Amino acid sequence: HNENLLVIEEPRYEFESFRNESTQNLYQRRLDEKLMDTEGLTFIEIYNNIIDSLKKATQEAIGIQEAKRSNKIWWDEEIADSIDMKRRKI
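For clarity, every value in this text was computed on a predicted model and none was experimentally measured.

Draft legend 1. Region of the structure containing the environment of Gln-28. Topologically, Gln-28 is positioned in helix α1 (residues 21–34). On the basis of relative accessibility, which here comes to 41%, the residue Gln-28 falls in the partly exposed class. Through-space distance from the C-alpha of Gln-28 to that of Thr-58 is 9.4 Å; in sequence the pair is 30 residues apart.

Below is the structure:
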């Protein structure tokens with residue numbers, strides 16, 4: 001049954017920087033710029049605009065956290081995939 005599951009991987013954001021008031025103000029400005037006028041839009045279009053606006057404003061204001069890389073030389077894509085598959089089955 002797992003083959004029908006859709007895995008959505010969202011980026012990890014630098015939420016620590018959101019404690020700064022200037023970052024909060026920048027986020028609010030970016031969000032205000034991105035949200036569209038909803039007049040005449042369908043529910044799905046409004047929903048998608050809100051989600052897209054939140055993601056883009058967050059990325060622009062606080063940035064995406066860099067993925068932590070393993071310094072283990074034996075670690076490769078095949079091992080990572082195997083572990084990921086095992087985690088999904090649990």
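Draft legend 2. Local environment of a nonpolar patch on the surface. There is a patch of nonpolar side chains on the surface, built from Leu-35, Ile-50 and Leu-54 and spanning about 220 Å² of accessible area. Here Leu-54 lies in helix α2 (residues 43–62). Residue classification places Leu-54 among the partly exposed residues on the basis of a relative accessible area of 34%.

The rules behind each value
- Residues numbered from 1 in each chain as written.
- Predicted model: local features only at pLDDT ≥ 70, side-chain atom pairs only at ≥ 80, totals over all residues.
- Heavy atoms only, no water.
- Helix = DSSP H or I, 4+ residues; strand = E, 2+ residues; numbered from the N terminus.
- Buried < 20%, exposed > 50% of the residue type's maximum accessible area, 1.4 Å probe, protein only.
- Patch = residues over 30% accessible without salt bridge, like charges linked within 9 Å, V, L, I, M, F, W, Y side chains within 5 Å.
- Areas by Shrake-Rupley, 256 points an atom, 1.4 Å probe, with all protein chains shown as cover.
- Salt bridge = Lys/Arg side-chain N within 4 Å of Asp/Glu carboxyl O.

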